[in-house]
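Inside the fold
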Amino acid sequence: MGVPFEALLPYAVCIGMFGFSGATLSKIRAMQNGGKRARHSVDQWDRQMMDRDRRLTGFLRGQTDNVKAPAGFELSNPWRLERGYT
Amino acid sequence: MSARQPRFNQHLLIDTTPLPDSIPKVQEVGSSSAPLLSASYFIGARCKAYNDDYMQCKTEANGKGEMDCLREGRKVTRCAGSVLEDVNKSCLEEFRKHWECLDNNNQQLWQCRKWERPLNSCVFEKLNLEKKIPGAPENETPVHLRKRQIFAHSIMTQ
């Protein structure tokens, strides 16, 4: 008596659909994050460090281990302003 | 007009005026977040005195620390730059593997212990810098030396 595989086919379909959508979402997230896994639970410190990474490398998730910063790095941190009302 | 909290999210101003020449120039550290996190305990091991000086100066300055503590800040920057330069010269491969792992794992140190152990031993041999967690209780093994990391995702990377 073999395994009744016709009965298990719907389970295979469900798992396949879930797996396909999970894999697609994971690939989309990796493409959005430069080939890396997405960051989660990002707090203000992490946002500030990611902003510094963007000033250093040009990408939000770019990383470099140079010792010296590129020229003009110390001047590239902007003042954040509000438009005034008169 | 009643006063409301300012919302600084509308406009950016980049001021390109450089610092005056009376302030000595120091090269800023050029590493981004993952290599800095990876090397942070080694920077702490070598630069503890300068870092403590800077933090004490900022605490005592009562708001004027940005201008008054520039001298201590220059020392901190130079020391951190020297640690990064030494790690780059001696342990580059292990260092790169560790911070690439950290970058993939939301900058969580406990996911990447597998690559941290060779880095720690290499840095200890070549540069004599040991990673110590300040404030850890003395009678337990520190978290980075434990065999099993209870929050890690997979057992392969522990």
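What you are looking at is a predicted structure, and each value in this text was computed from that prediction instead of being measured.

When its secondary structure is counted, chain B shows five helices and two strands. The N-to-C order of helical and strand elements in chain B reads β-β-α-α-α-α-α. Residues counted as buried form 36% of the 158 residues belonging to chain B. Of the roughly 10400 Å² that chain B leaves accessible, carbon and sulfur atoms contribute 55%.

This part is about the confidence of the model for chain A. Parts of the model with low pLDDT should not have their predicted coordinates read in detail. For chain A, per-residue confidence averages 90 on the pLDDT scale, and 99% of positions sit at 70 or higher. Mean pLDDT values for the elements of chain A range from 88 in strand E1 (residues 65–68) of chain A up to 94 in helix H1 (residues 5–32) of chain A.

Looking now at the UniProt feature "transmembrane region" (unreviewed entry) in chain A. Taken from the UniProt record, the annotation "transmembrane region" (unreviewed entry) applies to residues 7–26 of chain A. Helix makes up 100% of residues 7–26 of chain A and strand 0%, and the two end C-alpha atoms of the span are 30 Å apart.

What follows deals with the nonpolar core. Inside soluble globular proteins, nonpolar side chains tend to come together where they are buried. By size, the foremost hydrophobic cluster in this structure holds 20 residues, and its most contacted members are B:Phe42, B:Val83, B:Leu84, B:Phe95, B:Leu119, B:Val123 and B:Leu129. When contributions to this core are tallied by element, the ones reaching two or more residues are helix H1 (33–61), helix H3 (70–90), helix H4 (92–104) and helix H5 (113–127) of chain B.

Taken together, the contacts link 28 residues of chain A with 39 residues of chain B. For the pair chain A and chain B, the summed buried surface comes to about 3100 Å²; carbon and sulfur atoms form 47% of the total. Note that A:Asp65 and B:Arg96 form a salt bridge whose closest N and O atoms lie 3.3 Å from each other. One can count 25 residue pairs in polar contact (both at pLDDT 80 or more) joining chain A with chain B. In terms of residue class, the side of chain A that touches chain B is built from ten nonpolar, six polar and twelve charged. As paired elements, E1(A) and strand E2 (residues 29–31) of chain B share two bridges and run antiparallel to each other. By the bridge assignment, A:Asp65 is partnered in E2(B) with B:Ser31.

Here the focus is the UniProt feature "domain: CHCH" (unreviewed entry) in chain B. Using the residue numbers shown here, the UniProt feature "domain: CHCH" (unreviewed entry) corresponds to residues 91–124 of chain B. Across residues 91–124 of chain B, the secondary structure splits into 74% helix and 0% strand, with the terminal C-alpha atoms separated by 10 Å.

This brings us to the side chain of B:Arg74. Tracing the sequence through the fold places B:Arg74 in helix H3. Excluding residues that lie within four positions of it along the chain, B:Arg74 makes contacts with B:Ile23, B:Pro24 and B:Val26.

Before going further, it helps to examine the state of the cysteines. Residue and element names in this part refer to chain B. Across all of its chains, the model carries four disulfides over all chains by this definition. Here cysteine 47 pairs with cysteine 79 through a disulfide, and the sulfurs are 1.9 Å apart. Here the S-S torsion is close to -95 degrees, and the disulfide linking cysteine 47 with cysteine 79 is therefore left-handed. Here the residue cysteine 47 occupies a position in helix H1, and cysteine 79 occupies one in helix H3, the gap between them amounting to 32 residues. Across the pair, cysteine 79 and cysteine 47 agree in class, each one buried.

About the cut-offs
Throughout, a residue's number is its position along its own chain's written sequence, starting from 1. Each chain takes a letter, starting from A, and each ligand takes a number, starting from 1, following the order in which they are written. Per-residue local features are limited, in this predicted model, to residues with pLDDT of at least 70; the limit for side-chain atom pairs, both in listing and counting, is 80 or more; totals at the level of whole chains, interfaces and linings are taken over all residues. Each side-chain value is worked out from all heavy atoms of the structure, with water and hydrogens disregarded. By definition, any uninterrupted DSSP run of H or I lasting at least four residues is a helix, any uninterrupted run of E lasting at least two residues is a strand, and each is numbered from the N terminus. Think of it in three bands: with a 1.4 Å probe and only protein chains considered, a residue is buried below 20% of the maximum accessible area for its type, exposed above 50%, and partly exposed in between. For accessible areas, the Shrake-Rupley method is used with a probe of radius 1.4 Å. Any residue's cover is judged against the shown protein chains and nothing else. Per-residue confidence from the predictor is reported as pLDDT, a score between 0 and 100. UniProt positions are given in the numbering used here, feature names are shortened, and annotations may be inferred rather than shown by experiment. Take the buried Ala, Val, Leu, Ile, Met, Phe, Trp, Tyr and Cys residues and link them wherever side-chain atoms come within 4.5 Å; each set so joined is a nonpolar core. Two residues qualify as a contact provided that any one of their heavy atoms is within 4.5 Å of a heavy atom in the partner residue. Throughout, the accessible surface (probe 1.4 Å) given up by two parts as they are put together, summed over both, is called the buried area. Each salt bridge in this description consists of a side-chain nitrogen of Lys or Arg and a carboxyl oxygen of Asp or Glu lying within 4 Å of one another. Whenever a nitrogen or oxygen atom comes within 3.5 Å of another N or O atom, the pair is scored as a polar contact, on the condition that within protein one atom can donate a hydrogen and the other can accept it, and that pairs from neighbouring residues in sequence are kept only if both atoms are in side chains. Just so you know the grouping, Ala, Val, Leu, Ile, Met, Phe, Trp, Tyr, Cys and Pro go in nonpolar, Asp, Glu, Lys and Arg go in charged, and all remaining residues, Gly too, go in polar. At least two bridges found by DSSP between two strands are what make those strands a pair. Criterion for a disulfide: a pair of cysteine sulfur atoms within 2.5 Å.

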